[in-house]
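Each chain is listed here by its residues.
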Amino acid sequence: MVSFKQLFTDRTLRLTLIIGVALQGAQQLSGVNAILNYGPSILKDAGLSNTDLATGLLAGINVLMTFISVPLMDLLGRRTLMLIGQGFMILSYVGLAVAQKLHAEHREDSSYSWTSGVSVVTVITFIIFFAIGPGSIPWLIIGELFTAEARAKSEQYLCGC
C-alpha cells in the first residue's frame, strides 16, 4: 500500500499524479458548468419556450454521449479523443460567442435570426464533445495510470475525497 507521502516523493508516482491532476483540471476548467447553467436560457432565447425541456435535453445528450464515449476510447484512443473533444469545445465556444454577440447587437434585424440556431447548435456541440472527451476520460484513465498499490490513494487525492 502506498502512502500519500510516497505519491509526492516517488518520481514515477509524482509524474502520474501530475498527469491525473492536469486531466481533472482540464475537465473542471473547461467551462462546462457555464454551459450547463446558462444553456437552458440560451436555448430559451433561441426560441425554446420550455426551460425544463432544455435542461432535460442537455442532460440527456450528456448522458447518451458519455455512454458512447466508452467504446470510442478503445477505438480512437484516449489522447486522440481528449484532443478532439477539447478542439471542438473551443470551436463551440467561439461560435457561441460570435452568435450571441451578433444576436444581441441585431436583435430587431430579422436577417440575423440565424444566430439563434447557431447558438443552439454550439451549445449541443459543446455538450457532445465534452461528454466524449474531457467529461469522461479523466475518470476512466485514473485507474489505468497508477499501479494497483497506488490506485486507492491516488484516486482519493484526485477525486478530492
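Above this text you will find the structure in question.
Cut-offs applied
Residues numbered from 1 in each chain as written. Predicted model: local features only at pLDDT ≥ 70, side-chain atom pairs only at ≥ 80, totals over all residues. Heavy atoms only, no water. Helix = DSSP H or I, 4+ residues; strand = E, 2+ residues; numbered from the N terminus. Rg over C-alpha atoms; globule rule 2.2 N^0.38 Å. Contact = heavy atoms within 4.5 Å. Areas by Shrake-Rupley, 256 points an atom, 1.4 Å probe, with all protein chains shown as cover. Lys, Arg positive; Asp, Glu negative; His and termini not counted. Charge placed at Lys NZ, Arg CZ, Asp CG, Glu CD. Phe/Tyr/Trp six-rings, centres within 6.5 Å; stacked < 30°, edge-to-face > 60°. Buried < 20%, exposed > 50% of the residue type's maximum accessible area, 1.4 Å probe, protein only. Core = buried A, V, L, I, M, F, W, Y, C linked by side-chain atoms within 4.5 Å. Axes fitted to C-alpha atoms, helices over the stretch in contact; angles between N-to-C directions. Parallel < 35°, antiparallel > 145°, perpendicular 65-115°, else oblique. Left-handed = near helix turned anticlockwise from the far one by under 90°. Nonpolar A, V, L, I, M, F, W, Y, C, P; charged D, E, K, R; others polar. Patch = residues over 30% accessible without salt bridge, like charges linked within 9 Å, V, L, I, M, F, W, Y side chains within 5 Å. Salt bridge = Lys/Arg side-chain N within 4 Å of Asp/Glu carboxyl O.

> Please give an account of the overall build of the chain that cites residues and values.
Helix and strand counts for the chain come out as eight helices and zero strands. Order of helices (α) and strands (β) in the chain, N terminus to C terminus: α-α-α-α-α-α-α-α. The globule rule puts the C-alpha radius of gyration for 161 residues at 15 Å, and the 19 Å found for the chain is more than 25% above it. Once the C-alpha set of the chain is aligned to its principal axes, its extents read approximately 65 × 30 × 25 Å. Within the chain, residue pairs in contact and separated by at least 24 positions form 74% of the contacts whose partners lie at least 6 positions apart. Approximately 9,200 Å² of the chain is accessible, and the part contributed by carbon and sulfur atoms is 65%. Considering the chain, the positive charge centre built from 10 side chains and the negative charge centre built from 10 side chains are found 12 Å apart.

> I'd like to hear about the packing of aromatic side chains, residue by residue, with values.
A full pass over the atoms with the stated rule returns five aromatic pairs. Ring geometry for Phe88 against Phe129: centres 4.3 Å apart, planes inclined by 10°, an arrangement best described as stacked. Here Phe88 is found in helix α5 (residues 78-105), whereas its partner Phe129 is found in helix α6 (residues 114-132), with 41 residues between them in sequence. The exposure class of Phe129 is buried, given its relative accessible area of 17%. Plain terms: the ring middles of Phe126 and Phe130 are 6.5 Å apart, the flat faces sit at 5° to each other, and that makes the pair stacked. Note that Phe126 and Phe130 are positioned in helix α6 at a spacing of four residues, about one turn of the helix.

> Describe the environment of Phe126, and please don't skip the residues or the numbers.
With relative accessibility at 1%, the residue Phe126 sits in the buried group. On a C-alpha basis, the gap between Phe126 and Leu96 in space is 9.5 Å, while along the polypeptide they are 30 residues apart. Apart from residues no more than four positions distant in its own chain, Phe126 is found in contact with Ser30, Gly31, Val32, Ile35, Met89, Ser92 and Tyr93.

> Please give an account of the nonpolar core that cites residues and values.
Nonpolar side chains tend toward joint burial in soluble globular proteins. By size, the foremost hydrophobic cluster in this structure holds 23 residues, and its most contacted members are Ile35, Val123, Phe126, Ile127 and Ile137. Of all the elements in the fold, those that place two or more residues in this core are α3 (32-45), α4 (51-76), α5, α6 and α7 (137-145). Here the element with the most residues in this core is α6; it accounts for seven residues. Counting eight residues, the second-largest nonpolar core is a separate cluster that includes Val2, Leu13, Leu17 and Ala150.

> For the packing of α3 against α6, give the residues involved together with the corresponding values.
As a packed pair, α3 and α6 sit with axes 10 Å apart at the nearest point and diverge in direction by 150°. By the angle between their directions, the pair α3 and α6 is classed as roughly antiparallel. Crossing geometry of α3 relative to α6 is assigned as left-handed. Of α6, the residues touching α3 (which contributes Val32, Ile35, Leu36, Gly39, Ile42, Leu43 and Asp45) are Ser116, Ser119, Val120, Val123, Phe126, Ile127 and Phe130. A breakdown of the residues in the contact of α3 with α6 according to their chemical character gives ten nonpolar, three polar and one charged.

> Explain a nonpolar patch on the surface to me, using residue names and the numbers behind them.
Taken together, the side chains of Leu75, Leu76, Ile84, Phe88 and Leu91 present a nonpolar region at the surface, about 480 Å² in accessible area. Mapped by element, the contributors of at least two residues to the nonpolar patch are α4 and α5. The biggest single contributor to the nonpolar patch is α5, with three residues. Mapping Ile84 onto the fold places it in helix α5.

None of the figures reported here should be taken as evidence of function without further support.
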